[in-house]
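Chains, contacts and geometry: an overview
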Amino acid sequence: MDAPEVFVYRGEWGLPSIDYECSRLLAYLKFTSAKVTVHYNGNPFSSPNGVLPYLMADGTKIAGYGPIVEFLTKREVTSRVNGELGSDHNSHSTLIAGHMQYVVENLHPYFMYMLWGDPKNVDITRTLYAKRIPIPFNFYCPRKYVLRTNDLTQSLAGFSLEDSIEFHDVSEFADNAKRCLNWISTKLEDNRWFLGGSHPSEVDALLYGYLSVLAKLTLPNNVLQSHIRQCPKLLQYVDRTTATYFAKEGFNSYTATTGQQQGQQHNNNSAPKSPPNDSSSSSSSSKAGEERSEKRNAGEEQKFHTGQQQDPDDGPKERRKRYILSGLVATVAMIGFALLNGIVTLPNEGNHGNFIRYDDSGDYEEDN
């Protein structure tokens, strides 16, 4: 049996993923030493529920953190001997479930609204996700998060995201989220992990998913980020977990682009030149060769940060292709809309071979 494959959104800001649920799953996989293959350029259109993460194994696709963890546990892909996480289903199960339920109930609603509901933030969040989704799916896949957030606000706060901004009463959401962050900070104290042990638990995977995005994603109206910055223990918690488990998986598009440009400059500068006549050239060339070999070795250790995986929207050619495909998609969508609504009809035997006939809606009366 081949190792299961997991598909997630690629990261940013030095994180393994931009998405809280993807980061939560990645943390769980790391904590349990799960034997899976992770793809950081997943396409949500291929997911059963239209969002990432999803898992593929033996021709079966499973979407969402909960179903994926359940599948891996049944198949015994994850390790059961990793500290407290190995006892999640035994003595600590009730405690861990209670902690996770409290975090989700109090932090999740405002977290989702801040990213996908706040009019000041939603365009930035949508663009961030769209850059990691292939064309043309990036036009409508992020919409699913907006719809999920709209369901939350309608059921919990009684307003729709389409309502005027003065009806977006999220004060209770914000208060609950801030209290939850304070509670997390207090529980951590000086501990390395949430439960105080030497190894992480499933609660830590959940906290890393939320806190990593909140701490790193810069938005025009990021109230929770401002609150987190007043809790240095939370920032240390995120940075410590990232450095411990995602030193190689963390991605930064700016660093990758800069690394590629520096590599090109290095290749240009290292073009062969006529050797000088003095004897010192041999020693200087040997030193330069050693420095280049050291840089190459360092690059091999940090492949993820040296342009090996670039931002798909980087460069004029990629932007030009995106604009052309966007125009084609918009044209097809408009023609389809016109056909479905009867504005334009295709030729038939009654219109004497005309390619397109515009229907007369009866605005003009026929002459008798």
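For the structure, see preceding data.
The structure contained in this document is the topic of the report that follows. (Residues numbered from 1 in each chain as written. Predicted model: local features only at pLDDT ≥ 70, side-chain atom pairs only at ≥ 80, totals over all residues. Heavy atoms only, no water.)

As enumerated under the stated definition, the model contains six salt bridges in all. Across the pair R75 and D58 runs a salt bridge whose closest N-O atoms are separated by 2.9 Å. Pair noted here: R75 is in the loop between helix 2 (65-74) and helix 3 (93-116) and D58 is in the loop between strand 3 (54-57) and strand 4 (60-63), with a separation of 17 residues, a long-range link. According to the relative accessible area criterion, D58 is exposed, its value standing at 54%. Residue E70 is joined to K74 by a salt bridge in which the shortest nitrogen-to-oxygen separation is 3.3 Å. Taken together, the residues E70 and K74, both in helix 2 and four residues apart, mark about one turn of the helix. A residue is classified by how much of its surface remains accessible, and E70, at 45% relative accessible area, is partly exposed. (Salt bridge = Lys/Arg side-chain N within 4 Å of Asp/Glu carboxyl O. Helix = DSSP H or I, 4+ residues; strand = E, 2+ residues; numbered from the N terminus. Buried < 20%, exposed > 50% of the residue type's maximum accessible area, 1.4 Å probe, protein only.)

It is worth spelling out helix 6 (residues 171-188) at this point. The terminal C-alpha atoms of helix 6 lie 26 Å apart, and with 18 residues this matches the ideal 26 Å at 1.5 Å per residue to within 8%. When helix 6 is considered as a whole, its buried residues turn out to be F173, A174, N176, A177, C180, L181, I184, S185 and L188. Those residues of helix 6 that are buried are in contact with helix 3, helix 5 (143-156), helix 7 (202-216), helix 8 (223-228) and helix 9 (232-245). (Expected span 1.5 Å × (residues − 1). Contact = heavy atoms within 4.5 Å.)

In this chain, L52 is followed by P53 through a cis amide linkage whose omega measures 10°. As for its placement among the helices and strands, P53 is situated in the loop between strand 2 (37-39) and strand 3. Cis geometry marks the peptide bond from I135 to P136, where omega comes out at 0°. Look at E189: it is not a glycine, yet its phi comes out positive at around 50°. Mapped onto the secondary structure, E189 falls in the loop between helix 6 and helix 7.

Here we come to the nonpolar core. Core analysis: the biggest nonpolar cluster contains 82 residues, and L107, Y110, I184 and L211 have the highest contact counts within it. Among the elements that take part in this core, helix 3 stands out by supplying eleven residues, more than any other. Excluding anything up to four places from it in sequence, Y110 contacts V170, F173, A174, A177, V223 and L224. (Core = buried A, V, L, I, M, F, W, Y, C linked by side-chain atoms within 4.5 Å.)

Between two aromatic rings, the relevant description is the distance of the centres plus the angle of the planes. Taken as a whole, this structure holds 21 aromatic pairs when the rule is applied. On the basis of an interplanar angle of 55° and a centroid distance of 5.2 Å, the ring pair of Y129 and Y145 is categorised as tilted. Residue Y129 is located in helix 4 (residues 122-130), and its partner Y145 is located in helix 5; the two are separated by 16 residues in the primary sequence. Assessed through its relative accessible area of 2%, Y129 is described here as buried. Chaining the aromatic ring pairs together yields one cluster made of Y9, W116, Y129 and Y145. In this structure, R24 is placed above the aromatic ring of Y65, and the distance from its NZ or CZ to the ring centre is 3.7 Å. (Phe/Tyr/Trp six-rings, centres within 6.5 Å; stacked < 30°, edge-to-face > 60°. Lys NZ or Arg CZ within 6 Å of the ring centre and 35° of its normal.)

Any functional reading would require information beyond the geometric quantities listed.
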